[in-house]
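One letter stands for each residue in the lines below.
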Amino acid sequence: MNDTWVTLVGNAATPVDFREAATGPVARFRMAVTPRRWDREKQIWADGRTSFYTVWTRRTLASNLSGSVAVGEPLVVHGRLKVREEERDGVWKTSVDVEAVAVGHDLTRGTSAFRRVVRGEPALTAPAHRQKPATDLVSVS
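Residues numbered from 1 in each chain as written. Predicted model: local features only at pLDDT ≥ 70, side-chain atom pairs only at ≥ 80, totals over all residues. Heavy atoms only, no water.

(A) Inspection of the overall build of the protein at higher detail. The number of helices and strands found in the protein is two helices and eight strands. Listed N to C, the secondary structure of the protein is β-β-β-β-β-β-α-β-β-α in terms of helices and strands. Across the 141 residues that make up the protein, the buried fraction comes to 21%. The long-range share in the protein, meaning contacts at least 24 apart out of those at least 6 apart in sequence, stands at 55%. As presented, the protein carries roughly 10,900 Å² of accessible surface, and 51% of it is formed by carbon and sulfur atoms. (Helix = DSSP H or I, 4+ residues; strand = E, 2+ residues; numbered from the N terminus. Buried < 20%, exposed > 50% of the residue type's maximum accessible area, 1.4 Å probe, protein only. Contact = heavy atoms within 4.5 Å. Areas by Shrake-Rupley, 256 points an atom, 1.4 Å probe, with all protein chains shown as cover.)

Right, dumping it as structure tokens:
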């Protein structure tokens, strides 16, 4: 099946809505994308019409997103484009969603500090030579 892949550059327009679903973590937020064009006649940058997209994430990306993104932050989102049309009360509505596979801060507009998420119990992933029996541990008060 052919998918339409997009990369959006814009700002988080709403807080991240994080939920634990039966299939795993799910998060969504709205993203505002406003094109900027150089107006040669006026010699200024001019904003175009803002488009809004609902960005959906699942599993680990959803969990990490909820603790990393706030309203107004500049973002880059990459994922599958989904356009839906439906009729409500006799009026046709179009919704544009992106099923994101990657989300990050736009570093052309600021800095970011990456923190790797550690999964599982640290004692289970530590090398065998560094593990100590529980009786050798000393408590410091």
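(B) Local environment of the packing of aromatic side chains. The full count for this structure, using the stated rule, is one aromatic pair. Judged by centre distance (5.5 Å) and plane angle (70 degrees), the ring pair of Trp 38 and Trp 45 falls under edge-to-face. Look at Trp 38 and you get partly exposed, because its relative accessible area is 40%. (Phe/Tyr/Trp six-rings, centres within 6.5 Å; stacked < 30°, edge-to-face > 60°.)

(C) Broad picture of the environment of Asp 39. As for its placement among the helices and strands, Asp 39 is situated in strand β4 (residues 36-39). A relative accessible area of 22% places Asp 39 in the partly exposed class. Here the side chain of Asp 39 touches Lys 42 through a polar contact of 3.2 Å, landing on its backbone nitrogen. (Polar contact = N/O pair within 3.5 Å; in protein donor to acceptor, adjacent residues only side chain to side chain.)

(D) Here's a closer look at the pairing of strand β6 (residues 51-58). In this sheet, β6 lies alongside strand β3 (residues 24-33) in antiparallel orientation, the contact comprising eight bridges. If you follow Arg 28 over to β6, its bridge partner there is Trp 56. Of the strand pairs in this sheet, β6 and strand β8 (residues 91-105) are connected by three bridges, and their pairing is parallel. If you follow Val 55 over to β8, its bridge partner there is Val 98. (Pairing = 2+ DSSP bridges.)

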